[in-house]
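Tertiary structure, described
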There are 2 protein chains.
Amino acid sequence: MLKKDEELLVALRKIIRAIGMRSRQLSKEVGLTGPQLMILQKVGKQAGVMVREIAEDINLSSATVTNILDRMEARNLVERIRSTEDKRKVGVFLTKDGEQSLSTAPLPLQEHFTNRFKAMEEWEQSQMVATLQRIALMMDAQHVDASPILEVGNIIEK
Amino acid sequence: MLKKDEELLVALRKIIRAIGMRSRQLSKEVGLTGPQLMILQKVGKQAGVMVREIAEDINLSSATVTNILDRMEARNLVERIRSTEDKRKVGVFLTKDGEQSLSTAPLPLQEHFTNRFKAMEEWEQSQMVATLQRIALMMDAQHVDASPILEVGNIIEK
DNA sequence: TCCTAATATTTAGTATACTAATTATTATAT
DNA sequence: ATATAATAATTAGTATACTAAATATTAGGA
């Protein structure tokens, strides 16, 4: 018999795996993985968005976003234009192909999950989201409660 | 303002990221990543366990387990011995070093998370686990309810 | 001015993690 | 008995995803 915290870990692993599988399914069906689609959506909503902004928005490191953008740029879905006023910054824009892909792309999470989620009562949805947010907060090393002392690394990182 | 299903995805991403960061922290501190530690624990509990059994237990593909075992074997934490009665099967065993590592290893999830989780009321823990299990089930393509027709790929896969 | 710190992105290197295909073995059915 | 199917593990190839270090630029202070 597993302990509760072990059951929790197992459930999380299943969720993580399901998200990964959805990503590969997307890749086969529309040629975009989950993270690529999320980046495409972000750029679609905010043309010229910075790499760092994308990274913060979807909770990835800048290095990862750079990596994914490399692939997307090679496939002509987005283009990077370095800012002229602050040459450190790089703006990301959709190409025609990118706009086309975005307009026909499905949701990052499986449709059947999203449908079921939307079919739930409002309070139930809220409760589910709240539980996940609570877990995320409990796991967040930056917000260990009753701990006024933060390491330098923590402050820099986030 | 984000929609509820988008909030849910963001929260999941944060959790996934926190688990990954814990894994890298473990790697620096004790030289074992999260998945490596989980495999070590499984082998510790069940000497000679098959690769497939490990994969099913912690929700990974066999290929991934093989990959991780390669690294662990190279570092002399485990050894693989092919079964003599069924030569397709490979049993995994702890080495002395592996036993040593396991005996001093910390938990796969951050201690401060586990502590906080254990400090919660019993019913609250159960509710949290149940919510995660429900999400996992909702995401599981194998268990789309009201759908008696399963694709061949699904049956074979799991 | 000029040095240092901060910011933004990229590169290098490593570890997951998957699917599809391959190899080897064992089980089954004709 | 032998061809076929199923099972087990591995290999090949690709995509995340991270940290640390490198590069370039901008901002601030002495």
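Each remark here, short or long, concerns the structure printed above.
Description of the structure in this document. Computed from a predicted model, the values in this text were never measured in an experiment.

1. Re the nonpolar core
With 80 residues, the main nonpolar core has A:Leu8, A:Ile39, A:Met139, B:Leu8, B:Ile39 and B:Met139 as its most contacted residues. Two domains share this core, each providing at least three of its residues, namely domain 1 (4-119) and domain 2 (120-145 + 154-158) of chain B.

2. Re the protein's contact with DNA strand C
Neighbouring residues of DNA strand C: 30 residues in total, closest A:Arg17, B:Thr33, B:Gln36, B:Ser61 and B:Thr64. Put simply, 81% of the atoms of DNA strand C that lie within 4 Å of the protein are in sugar or phosphate. A distance of 3.4 Å separates a sugar or linking oxygen of DNA strand C from a polar atom in the side chain of A:Arg24. Residue assignment for the surface near DNA strand C shows that the elements contributing at least two residues are α1 (4-30), α3 (51-57) and α4 (62-74) of chain A together with α2 (34-45) and α4 (62-74) of chain B. Of the residues belonging to the surface near DNA strand C, the class tally is 9 nonpolar, 7 polar and 14 charged.

3. Observations regarding the packing of aromatic side chains
Residue and element names in this part refer to chain A. With the rule as written, the count across this model stands at 2 aromatic pairs over all chains. Here the aromatic rings of phenylalanine 113 and phenylalanine 117 are separated by 6.1 Å at their centres, their planes lie at 10°, and the arrangement is stacked. With phenylalanine 113 and phenylalanine 117 both in helix α6 (residues 111-119) and 4 residues apart, the pair spans about one turn of that helix. In this structure phenylalanine 113 comes out as buried when scored by relative accessible area, which is 1%. Of the residues examined, phenylalanine 117 reaches a relative accessible area of 1% and is grouped as buried.

What counts and what doesn't
Residues numbered from 1 in each chain as written. Chains lettered and ligands numbered in written order. Predicted model: local features only at pLDDT ≥ 70, side-chain atom pairs only at ≥ 80, totals over all residues. Heavy atoms only, no water. Core = buried A, V, L, I, M, F, W, Y, C linked by side-chain atoms within 4.5 Å. Buried < 20%, exposed > 50% of the residue type's maximum accessible area, 1.4 Å probe, protein only. Domains from an automatic or database assignment. Near = heavy atom within 4 Å. Polar contact = N/O pair within 3.5 Å; in protein donor to acceptor, adjacent residues only side chain to side chain. Helix = DSSP H or I, 4+ residues; strand = E, 2+ residues; numbered from the N terminus. Nonpolar A, V, L, I, M, F, W, Y, C, P; charged D, E, K, R; others polar. Phe/Tyr/Trp six-rings, centres within 6.5 Å; stacked < 30°, edge-to-face > 60°.

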